[in-house]
Amino acid sequence: MRVARNRRLILSSPSEVWALLSDGRRYGEWVTGTQQVLTADPRWPDVGARLRVRVGLGPLSLDDTCVVRICEPERRLELEAKAEPFGAARIAMRLIPWGEHTLFILDWHPLRGPGTRMHGLPVDYVVSVRNGMMLTKLARIAVREHGARV
């Protein structure tokens, strides 16, 4: 199965990047397409915790639920994003220490629904561009907050 994969060197430590990932209320700041965080489970990012968000472009929106499937603090976070009627996707994030910085790897692929039939180069390209924008935002926030603490 093909996967949309993005990589980004973030000039902050894995613990600083993890602090952003582990705050469900902040996802709207860096997840491209998020219009509003509706609810964030106080247990986020424990396995089974949920995050409900409104995603969309302009006036078109839908509610999405992300469920934590795997959580290894400061190393790995895997989510299942469910956006009916479009199905669900796996979003896997890995944080690899790179000196004092973080190599962030983001993998995305559909699990079920229409996205599995449309999966391939055109869809992967669009998702890859979106995810690249997302990692750029995440990196900017992490670096800005790192600078504020130094």
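Anything mentioned here points back to the structure above.
Presented here is an overview of the structure given in this document.

Parameters at a glance
- Residues numbered from 1 in each chain as written.
- Predicted model: local features only at pLDDT ≥ 70, side-chain atom pairs only at ≥ 80, totals over all residues.
- Heavy atoms only, no water.
- Pairing = 2+ DSSP bridges.
- Helix = DSSP H or I, 4+ residues; strand = E, 2+ residues; numbered from the N terminus.
- Axes fitted to C-alpha atoms, helices over the stretch in contact; angles between N-to-C directions.
- Phe/Tyr/Trp six-rings, centres within 6.5 Å; stacked < 30°, edge-to-face > 60°.
- Buried < 20%, exposed > 50% of the residue type's maximum accessible area, 1.4 Å probe, protein only.

### Examining the sheet that holds strand β6 (residues 88–98)
- Pairing is antiparallel across the open sheet formed by seven strands, whose spatial order is β1-β7-β6-β5-β4-β3-β2. The two strands at the open ends of the sheet, each matched to only one other strand, are β1 (4–10) and β2 (34–40). The mean angle between the axes of side-by-side strands here comes to 25°, regardless of whether they run parallel or antiparallel.
- Of the pairings in the sheet, the one linking β6 to strand β7 (residues 101–112) comprises eleven bridges and is antiparallel in character. Of the residues in β7, the one forming a bridge with I96 is L103.

### Observations concerning the packing of aromatic side chains
- Counted under the stated rule, the structure contains two aromatic pairs.
- Consider the rings of Y27 and W30, whose centres lie 4.9 Å apart with planes at 50°: the pair is tilted. With Y27 and W30 both in helix α2 (residues 27–30) and three residues apart, this pair spans about one turn of that helix. For the pair Y27 and W30, a shared accessibility class is recorded, and that class is buried.
- The interplanar angle of 85° and the centroid separation of 5.5 Å between the aromatic rings of Y27 and W44 together place this pair among those described as edge-to-face. Of this pair, Y27 sits in helix α2 while W44 is found in the loop between β2 and β3 (50–57), placing the two residues 17 residues apart along the sequence. The same class applies to Y27 as to W44, namely buried.
- Here the aromatic residues Y27, W30 and W44 are joined through ring pairs into a cluster of three or more.

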